[in-house]
Amino acid sequence: MEISIKGLNKNYYSEGKTIAALDQVDLTIPANRIFTLLGPSGCGKTTLLRCIVGLEMPDSGEIAIGDEVVFSAEKGIYVPPDRRGLGMVFQTYATWPHMNVFDNVAYPLQTRNEPKEEIVRKVARTLHFVQLDGFEKRPATKLSGGQQQRVALARALIAEPKVILFDEPLSNLDAKLREETRKELRAFLTELKITAVYVTHDRIEALSLSDTVAVMKSGRIIEMGTPWEIYFDSDRRFVADFIGRANFIEGKVSTSEDSFTMIDSAIGAIACEKKTEASPGKAVTVCIRPEFIRVLEGDPKVGRNIFRGRVESLVFVGDAYEGEIRVGETLLIFRIEPTTAVREGEEIALHFDPRHCSILLN
Ligand code: ATP
């Protein structure tokens, strides 16, 4: 079910100051896909989620879930949370410790007074779906963090919500378990074909889990796209910087040829394959991710996007070497195959792939 948000504003007042937590948010969350709100702490992600759920009252604007307007400041509509047909999974595991797995999952149906046999059938089906068959009698406290999160998911799913919302649900899990649970969650949600709204400040989580990512900054949605588009195609420095490690090289547009835009910079001319609206002379920033800087073997001739530099630092991180190269006065970060023969202090030639040199508008 699609969620449509128009002109949403929410201010908080604290210590005599007004905090614009949501600033004129317009957003369409696509039906039956995994949609993630990504942004730094304090940008308004949780506030937006709470407005969708109905736990927070916006100052103005409108929210519709499917065809139903659940909030409209202008029309005086406010549908309470329990009548919006939503499921929610929170940061804390939110399983009830005094109950076993069965009772935790059955709870939403018990409060609706559904028939006992129906509850037993639905709990068994939902536990099977989240791969917790046979765990019915286990006390919730005697489960691993990942299993507790699956119980929380089962409890959110059992009531067959139209939309499911997640507020940083994996942040209490350790790194390895987080990765596994993320994969599982993506598989569950994709199979269910449900509209999922996910909040996180973790870029890897957003990129690997989502169909669509919306990046938030200071109460506004500043960019929206597929994980690929957000990672590779953003022309905004804030987004490019937030979504991953990157080199930012200041320069000016010199020429725009058929297939390349040339940028004059402190390290020389950089060819960028992507087109830009910027006309010659315009100040821009070239963004190159460390994985697209390639070390060239031997002593290559001068050529397009070939530069010489000195390896200032090199760290072995298992699946790669990460380090810094000084090209002229500019220090660049790079990431190369662990088998590449490079040493600290060495002079090397490097190449930037023009397909991955993005032009950011200043
Ligand atoms: P985090 O990732 O840290 O949870 P967030 O992006 O979810 O952050 P919000 O919790 O939505 O951010 O907060 C947005 C802004 O509103 C922040 O500046 C926050 O300090 C402020 N804020 C949130 N709740 C309140 C409140 N009840 N009273 C006053 N200010 C609030």
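Residues numbered from 1 in each chain as written. Predicted model: local features only at pLDDT ≥ 70, side-chain atom pairs only at ≥ 80, totals over all residues. Heavy atoms only, no water.

(A) Inspection of helix α1 (residues 45-53) at higher detail. Counting buried positions over the nine residues of α1 gives seven, a clear majority of the element. Within α1 the residues assigned to the buried category are K45, T47, L48, L49, C51, I52 and V53. Of the residues one or two after α1, G54 is the one with positive phi, at around 105°. (Buried < 20%, exposed > 50% of the residue type's maximum accessible area, 1.4 Å probe, protein only. Helix = DSSP H or I, 4+ residues; strand = E, 2+ residues; numbered from the N terminus.)

(B) Region of interest: the site of the ligand. Taken together, Y12, I19, A21, P40, S41, G42, C43, G44, K45, T46, T47 and E168 make up all the residues around the ligand. At 3.1 Å from an oxygen atom of the ligand is found a main-chain nitrogen or oxygen belonging to C43. Starting from 630 Å² of accessible surface for the ligand in isolation, the protein chains cover 61%. Mapped onto the shell around the ligand, the elements with two or more residues apiece are β2 (17-29) and α1. Taken together, the residues of the shell around the ligand break down into five nonpolar, five polar and two charged. (Near = heavy atom within 4 Å. Polar contact = N/O pair within 3.5 Å; in protein donor to acceptor, adjacent residues only side chain to side chain. Areas by Shrake-Rupley, 256 points an atom, 1.4 Å probe, with all protein chains shown as cover. Nonpolar A, V, L, I, M, F, W, Y, C, P; charged D, E, K, R; others polar.)

(C) Molecular detail of the pattern of salt bridges. Scanning all chains against the criterion turns up 17 salt bridges. E114 is the partner of K122 in a salt bridge, and the nearest nitrogen-oxygen pair spans 3.1 Å. On the accessibility criterion, K122 (11% relative accessible area) is buried. E114 gets classed as buried once you look at its relative accessible area, which sits at 17%. R150 is the partner of E184 in a salt bridge, and the nearest nitrogen-oxygen pair spans 3.3 Å. Placement of E184 in helix α5 (residues 175-192) and of R150 in helix α4 (residues 145-158) is noted, with a sequence separation of 34 residues between them. (Salt bridge = Lys/Arg side-chain N within 4 Å of Asp/Glu carboxyl O.)

(D) Representation of the sheet that holds strand β12 (residues 247-256) in the model. On the basis of which strands lie adjacent, the open sheet formed by five strands has the order β14-β13-β12-β15-β21 and antiparallel pairing. Lying at the two open borders of the sheet, with one neighbouring strand each, are β14 (268-272) and β21 (357-361). Averaged over all pairs of adjacent strands, the angle between their axes in this sheet comes to 45°, without regard to strand direction. (Pairing = 2+ DSSP bridges. Axes fitted to C-alpha atoms, helices over the stretch in contact; angles between N-to-C directions.)

(E) Expanded view of the sheet that holds strand β19 (residues 330-336). Ordered in space as β16-β20-β17-β18-β19, the five strands form an open sheet in which the pairing is antiparallel. The sheet is open, and its two edges are formed by β16 (293-296) and β19, each paired on a single side. In this sheet, adjacent strand axes meet at a mean angle of 45° when their direction is disregarded. Relative to strand β20 (residues 347-352), strand β17 (residues 306-316) runs antiparallel, the two sharing five bridges. The residue of β20 that forms the bridge with R310 is E347.

(F) Region of interest: the domain arrangement of the protein. Along its sequence, the protein is carved into domain 1 (3-240) and domain 2 (245-361). A straight line from the C-alpha centre of domain 1 to that of domain 2 covers 39 Å. The interface of domain 1 with domain 2 comprises eight residues on the first partner and 13 residues on the second. When domain 1 packs against domain 2, the two sides together hide about 940 Å² of surface, and 48% of this comes from carbon and sulfur. On the domain 1 side of the contact with domain 2, Y231, F232 and R237 bury the most area, a combined 54% of that side's loss. Note that E250 is salt-bridged to R237, the shortest N-O span being 3.3 Å. Taken together, the elements giving at least two residues each to the side of domain 1 that touches domain 2 come down to α7 (227-233) and α8 (237-243). A per-element tally of the side of domain 1 that touches domain 2 places α7 first, with three residues. Each residue belonging to the side of domain 1 that touches domain 2 can be placed in one class, and the counts come to three nonpolar, one polar and four charged. (Domains from an automatic or database assignment. Contact = heavy atoms within 4.5 Å. Buried area = accessible area lost by both parts, 1.4 Å probe.)

(G) Looking closely at the pairing of strand β9 (residues 195-200). Burial analysis of β9 places six of its six residues in the buried class, which makes it a mostly covered element. The alternating pattern of β9 places T195, V197 and V199 on one face and A196, Y198 and T200 on the opposite face, and all of these are buried. Here strand β8 (residues 163-167) runs beside β9; their pairing, made up of five bridges, is parallel. Paired with F166 across the strands is Y198, a residue of β9. Where the polypeptide runs from β8 across α5 and back to β9, its parallel neighbour, the crossover connection is right-handed. (Right-handed = clockwise from strand over helix to strand, strands pointing away.)

(H) Spotlight on the packing of helix α3 (residues 116-129) against α4. Running from amino to carboxyl end, α3 crosses α4 at an angle of 130°, the nearest separation of the two axes being 9 Å. Judged on the interaxial angle alone, α4 and α3 are oblique. Judged by the sense of rotation from one axis to the other, the crossing of α3 with α4 is right-handed. Facing K122, V123, T126, L127 and F129 of α3, the residues of α4 in contact are A154, L157 and I158. In terms of residue class, the contact of α3 with α4 is made up of six nonpolar, one polar and one charged. (Parallel < 35°, antiparallel > 145°, perpendicular 65-115°, else oblique. Left-handed = near helix turned anticlockwise from the far one by under 90°.)

(I) Looking closely at the packing of helix α2 (residues 101-111) against α3. One can describe the packing of α2 onto α3 by two numbers: an axis separation of 10 Å at closest approach and a directional angle of 125°. With respect to α3, the element α2 is oriented oblique. Helix-helix and strand crossings are classified by hand; for α2 and α3 the assignment is right-handed. Note on element contacts: α3 touches α2 through I119, V120, K122, V123 and L127, opposite V101, F102, V105, A106, L109 and Q110. Of the residues contributing to the contact of α2 with α3, the split by class is nine nonpolar, one polar and one charged.

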